[in-house]
Structures are given as C-alpha cells and as structure tokens.
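Residue-level structure breakdown
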Amino acid sequence: MHLIPTQEEVVALLRETGALRDGHFHYPSGIHSNEYLQVPLALRYYQHQRLLSVGLSRLLRQNPEIRAMLGEVSIVVPATGGLPVAYGVCEAARAKQVYWAEREHDDEPMRFRQYVNPCPGEPVVLVDDILRTGSKLSELKQLLEASGATVLALAVIIYQPTPNTRDFGALPFYYLAKLEASYYADAAHCELCKRGAPLETVWV
Ligand SMILES: [Zn+2]
C-alpha cells in the first residue's frame, strides 16, 4: 500500500469490505444505478479508517497554504457519519478541532450544537466520507461562511459524481478515489430495468 493509497488500492479495500457493490440499485431519490457505495462499511475496521484518513491528510499537506496553518484549522463535517474520517484527518494533520453539523428533521436547516460557534476568520477544511450530490457539503459551506469562517478546502475519501453534483468553483478539492457509476433518472430510462436485472432498494 502506498503512503497515499492509489485509486486501485482504495477500490480494492471498498470491495473487500462490502462497501462497494455491483448490481442494480434503486436510490431514495428515484435514481437507478449499477453501483452502490456505503463507505461506513469499510470504516468499521480501524486499520482501514486510519489508512484512508492518513492518506487524505497527506493530500491536504501537499497544499502549502493549508499546511502552513494546519494547527489552526477546524475539520468540520456535514453529519455525524463523517466523524471517523474527520477525527482521523485531524489527528494525522495535527489540526485544531473537529465539529459537525446536524438537523433534527429532514426539512429543517442544518445547524451546529448549542455553543459551537465558528469564529470570524476561522480556517476550516470540510471533510466527509463521500461527495455524491454535494448538497450537504454545500449547505455546510454556506452555514460556516455565514459565521465568517474561511473555508480552505474540501476533502473526501470518495468522489462519486452524479448528474446533479454541485459545483464548488475554485475551492481546492481532494479525494482518494473517483467512482463513476451509471445513473438513470428512473425505471423508464434504466438500461438495467430493460435487461430485467433484479432490483435492490437502498436506504441512503
Ligand atoms: Zn433500473
């Protein structure tokens, strides 16, 4: 394994742990796809969590501007699912702190815990296990910037773009592996449905 695991090494690890599955999947959004990825299945194993987080922190360190201020950087995640990666990156990069956003109900805006207030000018790196549509990370970025924090970069283990993925513009973006699944808007447009492949419904 390389110090920064390669795309092939990351994919092999995801397959070996059941985190990456081939088949015919129906997502809650209505989309059909030939691939399903659930990174927490790989993060169940401490050695994998550590290897992936350390790899991601090395990518961040390659940016001289970020490296120079790591000791002051907050690692912030859009939901508690990203915490294993966030703490791993924080430890390996010797960053300052970790905190996360959450929401009570799906229709409510994202917020931080009471008394967690980003400071004006606070340097932040947004972290998560995966970037798919980017909607949560985009909401988190807005929430932080509304408090005056400075978002320096975005770092995820897996980048799995969809036709609806948000554009983060010039924000430095780091990932260990990029997965390109086939997506179909619905059953009527799905090649796998046409072939009669058995369909599995996934929760998230
Ligand atoms: Zn289908």
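To start, this report covers the structure provided alongside it.

Parameters at a glance
- Residues numbered from 1 in each chain as written.
- Predicted model: local features only at pLDDT ≥ 70, side-chain atom pairs only at ≥ 80, totals over all residues.
- Heavy atoms only, no water.
- Donors = N, O, S within 2.8 Å, 3.2 Å for Na, K, Ca; no water.
- Tetrahedral: all angles 85-135°; square planar, octahedral: opposite > 155°, others 65-115°.
- Helix = DSSP H or I, 4+ residues; strand = E, 2+ residues; numbered from the N terminus.
- Buried < 20%, exposed > 50% of the residue type's maximum accessible area, 1.4 Å probe, protein only.
- Salt bridge = Lys/Arg side-chain N within 4 Å of Asp/Glu carboxyl O.

Our focus in this paragraph is the coordination of the zinc ion. Around the zinc ion, the protein contributes the donor atoms His24 (NE2), His32 (ND1), Cys190 (SG) and Cys193 (SG), at 2.0 to 2.4 Å from the metal centre. Each of the 4 donor atoms around the zinc ion contributes to a set of angles spanning 99 to 116°, which defines the coordination as tetrahedral. Counting gaps between the donor residues of the zinc ion yields the pattern H-x7-H-x157-C-x2-C. Placement of the pair is His24 in strand β1 (residues 20-26) and Cys193 in helix α7 (residues 191-194), with a sequence separation of 169 residues. Residue classification places His24 among the buried residues on the basis of a relative accessible area of 3%. Look at Cys193 and you get partly exposed, because its relative accessible area is 27%.

Bringing the pattern of salt bridges into the picture now. Evaluated as defined, the whole model comprises 7 salt bridges. Ionic pairing is found between Arg113 and Glu102, a salt bridge with its closest N-O pair at 2.6 Å. Separated by 11 residues along the polypeptide, Arg113 in the loop between β5 (111-112) and β6 (123-131) and Glu102 in strand β4 (residues 97-102) bring together distant segments of the chain. Two residues, Arg103 and Glu139, come together in a salt bridge whose shortest N-O distance is 3.1 Å. With a gap of 36 residues between them, Arg103 in the loop between β4 and β5 and Glu139 in helix α6 (residues 135-146) connect regions that are remote in the sequence. Note on Arg103: relative accessible area 28%, which makes it partly exposed. Residue Glu139 is classed as partly exposed on the basis of its relative accessible area of 25%.

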